[in-house]
Amino acid sequence: MQKEVKEREIKEKEVKEKIKPELLQPDINIGLVGHIDHGKTTLLWRLSGKWADVHSEELKRGITIKLGYANTIIRRCTVCGYLTYKEKCKCNNKTEPLRHVSFVDAPGHKMLMASMLGGAAIIDAAILVVAANEPFPQPQTKEHFLALKAKGVTKLIVVQNKIDLVTKQEALEQYKQIKEFLMKNLSEDIKEVPIIPCSAQQEVNIDLVFEEILKLPKPKRDLNASPVFLVVRSFDANLPGSGVENLKGSILGGTLKQGKLKVGDIIEIKPGLAITKEVKHEKVVEYKTLKTKILSLRSENFELEEALPYGNLAIQTALDPCLGKSDLLAGSVVGLENSLPEVTNNIKFRAELFEKLAGMEKEETIEEIKPNEMLLLSVNTAVTVAKVKQVKKQGNEFIIDAILTIPIVPLPDSSIGIARNYAGQWRLIGFGKLELK
Ligand code: GDP
Ligand code: ZN
């Protein structure tokens with residue numbers, strides 16, 4: 001094991017010396033969305049060389065249940081100009097690195113909409129995968145599309161996948177349908193969405209997908225603001241049996257939304273650790289802010305001394321590894337010590353509801369939100385159940401007071417995904433914005 005780690009470190013150092021410092025970190029998070037089985041995971045593999053659903057539970061269930069990340073450095077062949085992530089082109093010549101991007105594989109299963117919404121808080125652009133051999137649009141394709149639109153993700157690439165399974169005529173027919181759907185559903189400023197026919201499995205037109213990715217603008221971020229890092233996953237990276245001397249602290253994976261983080265920074269994690277207590281025979285959960293130090297920073301392929309607010313990032317903390325295991329800290333927010341606002345269970349937010357419930361075979365009208373009903377809210381990367389206290393209507397909008405089961409860090413500009421339970425499943429009904437009190 002130690003030998004493999006050493007070899008990896010040497011390889012990493014070699015690669016690091018060959019690329020420009022600005023390419024060490026990805027500069028954009030691109031979400032992969034679309035109906036289940038349309039080929040997201042296969043496309044991600046073609047774009048990055050990695051399989052996203054490596055977790056056995058996910059493999060067993062055949063669906064991607066947690067947000068997976070894969071980073072790619074897009075390279076161009078110095079001779080034929082072909083785009084690939086490989087260091088050697090298929091024409092056998094060298095390629096040179098152009099851009100480092102991060103893919104976020106959002107789960108396609110309808111029950112997992114909540115984590116898809118969490119994902120939308122951290123994606124700057126999206127690839128919507130549509131299977132060419134199925135009628136368009138499939139319910140989830142539409143639901144994901146609406147989610148992206150409502151979250152304000154306006155940079156979109158549509159990949160029309162599995163063209164190897166249809167005739168040219170059929171592919172063209174569906175291409176037209178996608179185009180019409182986009183024209184009808186997109187606002188004026190984002191009419192220009194490229195549609196790329198491709199076959200992820202047969203490796204056809206993957207270079208054209210890369211070409212479109214290269215055109216995506218780098219998101220605007222405030223580098224000088226106080227850092228805010230949204231935790232998507234947390235884990236214990238220690239292998240069973242690795243000695244105490246090699247023990248690593250809890251790892252936090254996620255996205256730095258603003259500011260910079262450095263190795264050695266003292267950070268706080270909120271709401272942090274859930275502690276269950278018994279008060280008068282009733283279970284009460286309290287949250288404890290965690291304070292720790294950054295031991296190392298990593299952007300998938302490289303160690304960093306300082307991280308900028310782009311792409312995905314892993315922070316190794318000095319926390320006991322068991323505090324972060326199995327995503328215990330997912331949904332938390334990280335900032336410098338004493339910099340984050342107080343957490344709260346009481347929130348006020350503005351909401352706008354969709355007209356119809358997408359993502360179902362038969363589209364249902366969405367009823368207004370009522371006092372005392374339970375909703376599922378996603379606020380940044382946190383997901384929590386909320387009980388509605390009060391609802392006021394203002395034009396098309398609702399102003400809602402709610403009590404949350406899990407407290408959140410009330411950050412300015414937090415967008416909220418709202419889901420309601422229909423026959424045991426949380427379905428997206430609209431979006432909101434947090435009002436700061
Ligand atoms: P996901 O659920 O959207 O992640 O879909 P997967 O990537 O798991 O693909 C679902 C199935 O479609 C798998 O059996 C893939 O091998 C297959 N598939 C993916 N892309 C293509 C393609 O371009 N052509 C064909 N024929 N099959 C594909
Ligand atoms: Zn080449």
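Note that the structure is a prediction, hence the values are computed from the model and not measured.

Caption draft 1: A look at the layout of surface pockets. Its boundaries defined by the atoms lining it, the second largest pocket holds a volume of some 910 Å³. As for the second largest pocket, its lining consists of 30 residues, and the residues nearest its centre are Ala121, Asp124, Arg221, Lys257 and Asp413. Broken down by secondary-structure element, the contributors of at least two residues to the lining of the second largest pocket are strand E8 (228–235), strand E9 (251–258) and strand E24 (425–435). With three residues, E24 is the largest single contributor of residues to the lining of the second largest pocket. In the lining of the second largest pocket, the residues fall into 13 nonpolar, seven polar and 10 charged.

Caption draft 2: Quick look at the sheet that holds strand E20 (residues 374–379). Strands sit in the order E17-E22-E21-E20-E23-E24 around a closed barrel of six strands; the barrel is antiparallel. Mean inter-strand twist for the sheet, computed between neighbouring axes without regard to direction, equals 45°. Bridging between E20 and strand E21 (residues 382–394) involves six bridges; their strand directions are antiparallel. Paired with methionine 374 across the bridge in E21 is lysine 387.

Caption draft 3: Expanded view of helix H7 (residues 206–215). Among all positions of H7, only Ile206, Val209, Phe210, Glu212 and Ile213 are buried. Projected down its long axis, H7 carries its buried residues within an arc of 160°, all on one side.

Caption draft 4: Structural detail: the pairing of strand E17 (residues 344–353). As paired elements, E17 and strand E22 (residues 397–408) share seven bridges and run antiparallel to each other. Bridging across to E22, isoleucine 347 finds its partner in alanine 402.

Caption draft 5: How the structure looks around the coordination of the zinc ion (ligand 2). Each protein donor to the zinc ion (ligand 2) is listed here as Cys77 (SG), Cys80 (SG), Cys89 (SG) and Cys91 (SG); together their distances run 2.2 to 2.3 Å. The exposure class assigned to cysteine 77 is buried, which follows from its relative accessible area of 4%.

Caption draft 6: Quick peek at the site of ligand 1. Around ligand 1, the structure places 15 residues, and the nearest of them are Asp37, Lys40, Thr41, Thr42 and Asp164. Here an oxygen atom of ligand 1 and a backbone polar atom of histidine 38 are 3.4 Å apart. Residue serine 199 places a side-chain N or O atom 3.0 Å away from an oxygen atom belonging to ligand 1. Classifying every residue of the shell around ligand 1 gives three nonpolar, eight polar and four charged.

Caption draft 7: Highlighting the side chain of serine 199. Among the structural elements, serine 199 can be located in the loop between strand E7 (195–197) and H7. According to the relative accessible area criterion, serine 199 is buried, its value standing at 1%. Of note is the side chain of serine 199, whose polar atom sits 3.0 Å from the side chain of aspartate 164.

Caption draft 8: A look at empty space enclosed by the protein. For the structure on display, the rule yields two cavities of 30 Å³ or more. For the largest cavity, the calculated volume is near 60 Å³. If you go around the largest cavity, the residues you meet are Lys270, Pro271, Gly331, Ser332, Val333, Val379, Asn380, Ala382, Pro407, Ile408 and Val409. If you list the elements that add at least two residues to the lining of the largest cavity, you get strand E11 (266–279) and E22. Classifying every residue of the lining of the largest cavity gives seven nonpolar, three polar and one charged.

Caption draft 9: Here's a closer look at the nonpolar core. Ranked by size, the top nonpolar core spans 28 residues in total, and within it Phe349, Leu377, Ile418 and Ile429 carry the most contacts. When residues of this core are assigned to their parent elements, the largest contribution, five residues, is made by E22. The next biggest cluster of nonpolar side chains, apart from the first, holds 27 residues, and it includes Ile123, Leu128, Val228 and Val409.

Caption draft 10: Local environment of the confidence of the model for the protein. Residues with a pLDDT of 70 or more make up 87% of the protein, whose mean pLDDT is 85. Counted against residues more than four places away or in other chains, residues 54–65, with its pLDDT under 50, gives 22 contacts.

Caption draft 11: Main features of the packing of helix H2 (residues 40–48) against H7. The contact between H2 and H7 brings their axes to 10 Å, and the two run at 80°. Taken as axis vectors, H2 and H7 run roughly perpendicular relative to one another. Contacts between H2 and H7 involve Leu43, Arg46 and Leu47 from the first element and Ile206, Val209, Phe210 and Ile213 from the second. Grouping the amino acids of the contact of H2 with H7 by side-chain chemistry returns six nonpolar, no polar and one charged.

Caption draft 12: The arrangement of helix H5 (residues 139–150) in detail. Given a rise of 1.5 Å per residue, 12 residues ought to cover 16 Å, and the 17 Å separating the end C-alpha atoms of H5 matches this to within 8%. Here H5 has its buried residues at Pro139, Gln140, Thr141, Glu143, His144, Phe145, Leu146, Ala147 and Leu148. Once H5 finishes, glycine 152 follows within two positions and takes phi at roughly 80°, a positive value.

Caption draft 13: Main features of the pairing of E9. The buried fraction of E9 is high, at six of eight residues. Inspection of the sheet shows E8 paired to E9 by seven bridges, in the antiparallel sense. Paired with phenylalanine 229 across the strands is leucine 256, a residue of E9. Of the strand pairs in this sheet, E9 and strand E15 (residues 312–317) are connected by five bridges, and their pairing is antiparallel.

Calculation notes
- Residues numbered from 1 in each chain as written.
- Chains lettered and ligands numbered in written order.
- Predicted model: local features only at pLDDT ≥ 70, side-chain atom pairs only at ≥ 80, totals over all residues.
- Heavy atoms only, no water.
- 1 Å grid on protein atoms, 1.4 Å probe; cavity = no way out; pocket = protein on both sides within 12 Å on 5 of 7 lines; lining within 4 Å.
- Points joined across faces, edges and corners; volume = space filled by probe spheres on them.
- Helix = DSSP H or I, 4+ residues; strand = E, 2+ residues; numbered from the N terminus.
- Nonpolar A, V, L, I, M, F, W, Y, C, P; charged D, E, K, R; others polar.
- Pairing = 2+ DSSP bridges.
- Axes fitted to C-alpha atoms, helices over the stretch in contact; angles between N-to-C directions.
- Buried < 20%, exposed > 50% of the residue type's maximum accessible area, 1.4 Å probe, protein only.
- Arc of directions from axis to C-beta.
- Donors = N, O, S within 2.8 Å, 3.2 Å for Na, K, Ca; no water.
- Near = heavy atom within 4 Å.
- Polar contact = N/O pair within 3.5 Å; in protein donor to acceptor, adjacent residues only side chain to side chain.
- Core = buried A, V, L, I, M, F, W, Y, C linked by side-chain atoms within 4.5 Å.
- pLDDT = per-residue confidence, 0-100.
- Contact = heavy atoms within 4.5 Å.
- Parallel < 35°, antiparallel > 145°, perpendicular 65-115°, else oblique.
- Expected span 1.5 Å × (residues − 1).

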